[in-house]
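# What the coordinates show
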Amino acid sequence: PGVVEVVAIPSGVAVLARDTWSAIQGRNALKVDWDESKAFRLGSAEILARYRQLARKPGKAARSEGATAPALYSAAKVLEATYDFPYLAHAAMEPMNCVVHLKADGCEIWNGEQFHTADQMKVAGLLSLQAEQVTIHMLYAGGSFGRRASTTSDYVLEAVSIAKASSQGAPVKLIWTREDDMRAGYFRPLFHHRISAGLDAQGKPVAWHQRLVGQSIIAGSPFAGMIKDGIDPVSVEGAANLPYAVPNLQVELHTPDDIGVPVLWWRSVGSTHTAYSTETFVDELAQAAGQDPVAYRLALLGHA
């Protein structure tokens, strides 16, 4: 009851109803046979096991200063640590939603926005319109944290596709449930870090070696030109620009290109994982040196 239409769209099947509850109930009643022959099937544990193996091999150098390997070998004390960071949903306070009104002379959209021009161009392309025929009314949304700046304009194009496929001739409001948002959206990439550091007799770091493994966020996006010599700067920010004075420093990156999990920037992007790994490790260095962690950091920042 309440369902008025069921339509196929490029990303799946949409249920249109007079209210949200009826649409959800109708969708739950769907019986769909999916072709999963090309589906990505690895789980997080399997991906992480692969990453840990990669981290044992040299990666592409994101920063290289001094002679890190000899300095580690001759250090008075060597510390090592590994850090694992899971896939994370943005969990925006307001789930993905979008209102689309298709008209004879154009398209109007009401949604929370972070990528206005990109969304406008993608919608125009889908509908064979000029960009100026697509009007976006930007609403204040309940936090986006990068999720609404999708390089594929995913949920916006989904809403437009539903309106295009519908025979109702009425504005369409797309609503993703919280469950949809958490399990079928875009995620902060899973990352693995492997860090080693060497201390001299006074506890001062003389060598730092960090190896990161994780998917590139900007590969295949309009910002792919930022990738230089195979290094996505977003993947290593906060590590490749480590602010502490260490004379021998090597930061390397592995970027697997065969992981099919959709990833996206998540507020503060690379630093969401590098800040934790680097600062936690500096705490360990300070403890090994028998020094106050704040004083230890200030001494290492004396060059700045």
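These numbers come from a predicted model, not from an experiment. (Residues numbered from 1 in each chain as written. Predicted model: local features only at pLDDT ≥ 70, side-chain atom pairs only at ≥ 80, totals over all residues. Heavy atoms only, no water.)

## Section: the overall build of the chain
- Counting its regular elements, the chain contains nine helices and 13 strands.
- Seen through its C-alpha atoms, the chain measures out along the principal axes to roughly 75 × 40 × 35 Å.
- By residue count, 45% of the 304 residues in the chain fall in the buried class.
- The long-range fraction of contacts in the chain, counting pairs at least 24 apart against all pairs at least 6 apart in sequence, stands at 76%.
- Separation between the mean location of the 27 positive side-chain charges and that of the 31 negative ones in the chain comes to 3 Å. (Helix = DSSP H or I, 4+ residues; strand = E, 2+ residues; numbered from the N terminus. Buried < 20%, exposed > 50% of the residue type's maximum accessible area, 1.4 Å probe, protein only. Contact = heavy atoms within 4.5 Å. Lys, Arg positive; Asp, Glu negative; His and termini not counted. Charge placed at Lys NZ, Arg CZ, Asp CG, Glu CD.)

## Describing the side chain of Glu-252
- Residue position: Glu-252 is located in strand S13 (residues 248-254).
- Accessibility expressed as a relative area gives 6% for Glu-252, which makes it buried.
- Engagement of the side chain of Glu-252 in a polar contact is seen with the side chain of His-209, the distance being 3.0 Å.
- Within the structure, the side chain of Glu-252 is placed 3.5 Å from the side chain of Gln-250, a separation counted as a polar contact.
- Aside from chain neighbours lying at most four places away, what touches Glu-252 is Lys-57, Pro-58, Gly-59, Lys-60, Ala-61, Ala-62, His-209, Gln-210, Arg-211 and Leu-212. (Polar contact = N/O pair within 3.5 Å; in protein donor to acceptor, adjacent residues only side chain to side chain.)

## Brief notes about the environment of Thr-272
- With respect to the helices and strands, the residue Thr-272 is situated in helix H8 (residues 271-289).
- Taking relative accessible area as the criterion, Thr-272 reaches 17% and is therefore assigned buried.
- In this structure, the C-alpha to C-alpha distance between Thr-272 and Gly-238, residues 34 residues apart in sequence, is 8.9 Å.
- Excluding residues within four positions of it along the chain, Thr-272 makes contact with Arg-188, Trp-266 and Arg-267.
- At a separation of 2.8 Å, a polar atom in the side chain of Thr-272 contacts the main-chain carbonyl oxygen of Val-269.

## A look at H8
- The end-to-end C-alpha distance of H8 is 26 Å, a good match for the 27 Å that 19 residues give at a rise of 1.5 Å each.
- Within H8, burial applies to Thr-272, His-273, Thr-274, Ser-277, Thr-278, Phe-281, Val-282, Leu-285 and Ala-286.
- Here the buried face of H8 lies against strand S4 (77-85), strand S10 (187-188), strand S11 (191-199), strand S12 (205-214), helix H7 (233-236) and helix H9 (293-300).
- Two residues or fewer after H8 comes Gly-290, characterised by a positive phi angle close to 70°. (Expected span 1.5 Å × (residues − 1).)

## A closer look at the sheet that holds S4
- Read across the open sheet, the five strands follow the order S3-S13-S12-S11-S4; overall the sheet is mixed. Among the strands making up the open sheet, the edge pair consists of strand S3 (60-65) and S4. Adjacent strand axes in the sheet meet at a mean angle of 10° when their direction is disregarded.
- Inspection of the sheet shows S11 paired to S12 by nine bridges, in the antiparallel sense. Note on S12: the bridge partner recorded for Ala-197 is Trp-208.
- Against the sheet, H8 makes contact with S4, S11 and S12, and its axis sits at roughly 155° relative to S4, the strand it touches most. (Pairing = 2+ DSSP bridges. Axes fitted to C-alpha atoms, helices over the stretch in contact; angles between N-to-C directions.)

## Describing the packing of aromatic side chains
- The full count for this structure, using the stated rule, is five aromatic pairs.
- With a centroid separation of 6.2 Å and an interplanar angle of 80°, the aromatic rings of Tyr-83 and Tyr-276 are classed as edge-to-face. Placement of Tyr-83 in strand S4 and of Tyr-276 in helix H8 is noted, with a sequence separation of 193 residues between them.
- Ring plane angle 80° and centroid distance 5.4 Å describe the contact between Trp-208 and Phe-281, whose orientation is recorded as edge-to-face. One end of the pair, Trp-208, is in strand S12; the other, Phe-281, is in helix H8, with 73 residues separating them in the sequence. Like Trp-208, the residue Phe-281 is buried in the burial classification.
- Ring-pair connections join several aromatic residues into one group, and the members of that group are Tyr-83, Phe-85 and Tyr-276. (Phe/Tyr/Trp six-rings, centres within 6.5 Å; stacked < 30°, edge-to-face > 60°.)

## Points about the nonpolar core
- Trp-208, Leu-212, Phe-281, Leu-285 and Tyr-296 are the most contacted members of the largest nonpolar core, which has 26 residues in total.
- Those elements that place two or more of their residues in this core are S4, S11, S12, S13, H8 and H9.
- In this structure, Val-7, Leu-127, Val-134 and Tyr-155 belong to the second largest nonpolar core, which totals 24 residues. (Core = buried A, V, L, I, M, F, W, Y, C linked by side-chain atoms within 4.5 Å.)

## With respect to the sheet that holds strand S7 (residues 106-112)
- In spatial order, the strands read S8-S7-S6-S9; together these four strands make up an open sheet with mixed pairing. Two strands close off the open sheet at either side, each with one partner strand: strand S8 (134-139) and strand S9 (172-175). Averaged over all pairs of adjacent strands, the angle between strand axes in this sheet comes to 15°, irrespective of strand direction.
- Pairing geometry for strand S6 (residues 97-103) and S9, over four bridges, is antiparallel. Bridge pairing in S9 links Asn-97 to Ile-175.
- Across the sheet, helix H4 (residues 116-127) is in contact with S6, S7 and S8; its angle to S8 comes to roughly 140°.

Nothing here speaks to function; it is geometry throughout.
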